[in-house]
Amino acid sequence: MSTPVLPGRAEVVQMLAAFGRRPENSVPETLGSLELTWLTAEFEQRYGIELELSDEQFAAVRTVDDAVAVLRAAVLAAAPAGADGAARS
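Residues numbered from 1 in each chain as written. Predicted model: local features only at pLDDT ≥ 70, side-chain atom pairs only at ≥ 80, totals over all residues. Heavy atoms only, no water.

Draft legend 1. Local environment of the overall build of the chain. When you go through the chain residue by residue, the secondary structure sums to 4 helices and 0 strands. Ordered by position in the sequence, the α and β elements of the chain form the string α-α-α-α. For the chain, the residues scored as buried account for 30% of the 89 residues in total. Sequence separation of at least 24 residues holds for 67% of the intrachain contacts in the chain that already meet a minimum separation of 6. Per element, the accessible surface of the chain, about 5,300 Å² overall, is 52% carbon and sulfur. (Helix = DSSP H or I, 4+ residues; strand = E, 2+ residues; numbered from the N terminus. Buried < 20%, exposed > 50% of the residue type's maximum accessible area, 1.4 Å probe, protein only. Contact = heavy atoms within 4.5 Å. Areas by Shrake-Rupley, 256 points an atom, 1.4 Å probe, with all protein chains shown as cover.)

In structure tokens form, the structure reads like this:
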């Protein structure tokens, strides 16, 4: 059994930097709804996971760190118990 690969802050910042084709150091800490929507779609494509965020969960993501926490939880929730290599990038 292996642990799923969890997205880290650097990976999330890298994905956000691709939005608008900007340098990683210009990604703001606070996320707007458009950035979060784009990040969600990018994440789903990269990880092959469909995120089913409630309105409350979506609204609670305001920063890069919030996004990392939600995306990590999604990977863990999607990993079948005992599955090897779940959610690799």
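Draft legend 2. Inspection of the packing of aromatic side chains at higher detail. Scanning the model with the defined rule gives 2 aromatic pairs in all. Aromatic pair Phe19 and Trp38: ring centres 5.4 Å apart, planes at 40°, arrangement tilted. Within this pair, whereas Phe19 is found in the loop between α1 (9-18) and α2 (33-47), its partner Trp38 is found in helix α2, the two being separated by 19 residues in sequence. We classify Phe19 as partly exposed; its relative accessible area is 22%. On the basis of an interplanar angle of 25° and a centroid distance of 4.6 Å, the ring pair of Phe43 and Tyr47 is categorised as stacked. With Phe43 and Tyr47 both in helix α2 and 4 residues apart, the pair spans about one turn of that helix. When sorted by exposure, Phe43 lands in the same class as Tyr47, which is buried. (Phe/Tyr/Trp six-rings, centres within 6.5 Å; stacked < 30°, edge-to-face > 60°.)

Draft legend 3. A look at the nonpolar core. Residues Val12, Leu16, Leu39, Phe43 and Val64 are the most contacted members of the largest nonpolar core, which totals 20 residues. At the level of secondary structure, the elements contributing two or more residues to this core comprise α1, α2 and α4 (64-78). Looking at this core, the element that brings in the most residues is α4, giving 6 residues. Beyond its immediate stretch of four places on either side in the chain, Phe43 contacts Pro7, Met15, Gly48, Leu51, Leu71, Ala74 and Val75. (Core = buried A, V, L, I, M, F, W, Y, C linked by side-chain atoms within 4.5 Å.)

Draft legend 4. How the structure looks around α1. When α1 is considered as a whole, its buried residues turn out to be Glu11, Val12, Val13, Met15, Leu16 and Ala17. Lining the buried residues of α1 we find α2 and α4. Two residues or fewer past α1, Gly20 is found with a positive phi of approximately 90°.

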